[in-house]
Amino acid sequence: MARPGITYDQVAAAADKLVGDGENPTIQRIRAALGTGSPNTIHRHLASWRAIQAPAERQAARLPDDLATALTHEIERQAAAARAEAEADAEEARSEAAELAEVGEALEQQAEELTERVETLEGERDRMEGERDSARAEAERLRAELEQERHAGEQVRQELAQARNRVETLTEQRDEARGAQQQAQEASKTEAAGRHEAERAQAVAEAREQSAQQQAKERGEALAAEREARQQEQEQHRQELAQVRAENQGRIEALEKTAQEAQREASKAREQAASLSGQLEAMKAAQAQQKAGAKAGAKSGTTSRSSTPRRSTSSGSSKQGGKKAGTADKEEAKGS
């Protein structure tokens, strides 16, 4: 938030204290007394304070010689005209200075707001960059999980190959059993005595064949079910990873775009703040130049009107009266 600034009461109290101490209440002295405050704000409050002060009494210069009454009136008229012109110039300069002070104060406020906006945008940019980094880390974690799933699928394929090899082995054993059965059958034809043994061997071979076939069938079904489950699980992981990757990619792109926009906004705000600061400095310089010009114009106008040469014995008196009037005008211009 922008700083609250100083109030009229603070400036008026400081000005009254300086006047009580016998010092002229200037902007620099009031700012030194308060220890803070913008020169533009101090100038605006000081102009309001001076506007309500009681005007100093002005006494017209009087000549001791009654014969110079007409000359005295003329000098007073010229002095009054010079004072009026000087006061009008001073009032115009004060008005312009007040306007410049208001503009400068507004520019200072705008510069502070732009500075705060730059800080806000920079904070938003840092937050978005953090979210972007988090999204990238999540994407890397999902990639690692997918790699693990692929490795697990490779292991399942290897186990399936081993099961197939075992089935082939069992098939060979079954063929051997059938060969033994055939041999037993041939032996039973030639040897009646060995028929019972052949029948028993045949039964054993058939039992072994059925057991081998049942084991091969059960193992094959188990491996097929396990392979199908692994494939479904891998497919589900692929779909989830693709969805998360698409979401993270869109989020990363949006965050990067927002961060770039925030950087452009911050850069533009800095340029505006720099431009406003330059305008403020130029206005301060113009304000100081106008004050100096107003004082110089008031001084030169008063001197040119009060320095006209006079003849006869009353010339010295008129010069002395003009000098007094000019001194009074200078003091009045200085006080204003």
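As shown above, the structure is provided for reference.
Residues numbered from 1 in each chain as written. Predicted model: local features only at pLDDT ≥ 70, side-chain atom pairs only at ≥ 80, totals over all residues. Heavy atoms only, no water.

Draft legend 1. Quick peek at the overall build of the chain. Summing up its helical and strand segments, the chain has 6 helices and 0 strands in all. What you see in the chain, going N to C, is helices and strands ordered as α-α-α-α-α-α. Buried residues in the chain amount to 26% of all 336 residues. Counted over contacts in the chain with a minimum sequence separation of 6, partners at least 24 positions apart contribute 81%. (Helix = DSSP H or I, 4+ residues; strand = E, 2+ residues; numbered from the N terminus. Buried < 20%, exposed > 50% of the residue type's maximum accessible area, 1.4 Å probe, protein only. Contact = heavy atoms within 4.5 Å.)

Draft legend 2. Molecular detail of the environment of R230. The residue R230 is located in helix α5 (residues 195-306) in this model. The exposure class assigned to R230 is partly exposed, which follows from its relative accessible area of 29%. Measuring from C-alpha to C-alpha, the distance between R230 and G153 comes to 6.8 Å, with 77 residues separating the pair along the chain. The contact partners of R230, leaving out residues within four places of it in the chain, are A152 and V156.

Draft legend 3. Inspection of the nonpolar core at higher detail. One finds I6, V11, A12, A14, A15, L18, I27, I30, I42, L46 and W49 forming the largest nonpolar core, which totals 11 residues. Of all the elements in the fold, those that place two or more residues in this core are α1 (8-20), α2 (27-34) and α3 (39-51). With 5 residues, the single largest contributor to this core is α1. (Core = buried A, V, L, I, M, F, W, Y, C linked by side-chain atoms within 4.5 Å.)

Draft legend 4. Layout of α3. Compared with an ideal rise of 1.5 Å per residue, which puts 13 residues at 18 Å, α3 spans 18 Å between its outermost C-alpha atoms and is within 8% of the ideal. All of the buried residues along α3 are N40, T41, I42, H43, H45, L46 and W49. (Expected span 1.5 Å × (residues − 1).)

Draft legend 5. Region of interest: α1. The end-to-end C-alpha distance of α1, which contains 13 residues, comes to 18 Å, matching closely the 18 Å that a straight helix rising 1.5 Å per residue would cover. All of the buried residues along α1 are V11, A12, A14, A15 and L18. Axial view of α1: buried residues confined to an arc of 165°, hence all on one face. Away from its buried face by more than 90 degrees, α1 exposes D9, K17 and G20. Those residues of α1 that are buried are in contact with α2 and α3. Positive backbone phi, at 80°, marks G22, one or two positions downstream of α1. (Arc of directions from axis to C-beta.)

Draft legend 6. Main features of the packing of α1 against α2. Across the interface, α1 lies against α2 with an axial gap of 10 Å and an inter-helix angle of 110°. Relative to α2, the element α1 is oriented roughly perpendicular. Taken together, the residues of α2 that come into contact with α1 (itself represented by Q10, V11, A14, A15 and L18) are R29, I30, A33 and L34. Class assignment for the residues of the contact of α1 with α2 results in 7 nonpolar, 1 polar and 1 charged. (Axes fitted to C-alpha atoms, helices over the stretch in contact; angles between N-to-C directions. Parallel < 35°, antiparallel > 145°, perpendicular 65-115°, else oblique. Nonpolar A, V, L, I, M, F, W, Y, C, P; charged D, E, K, R; others polar.)

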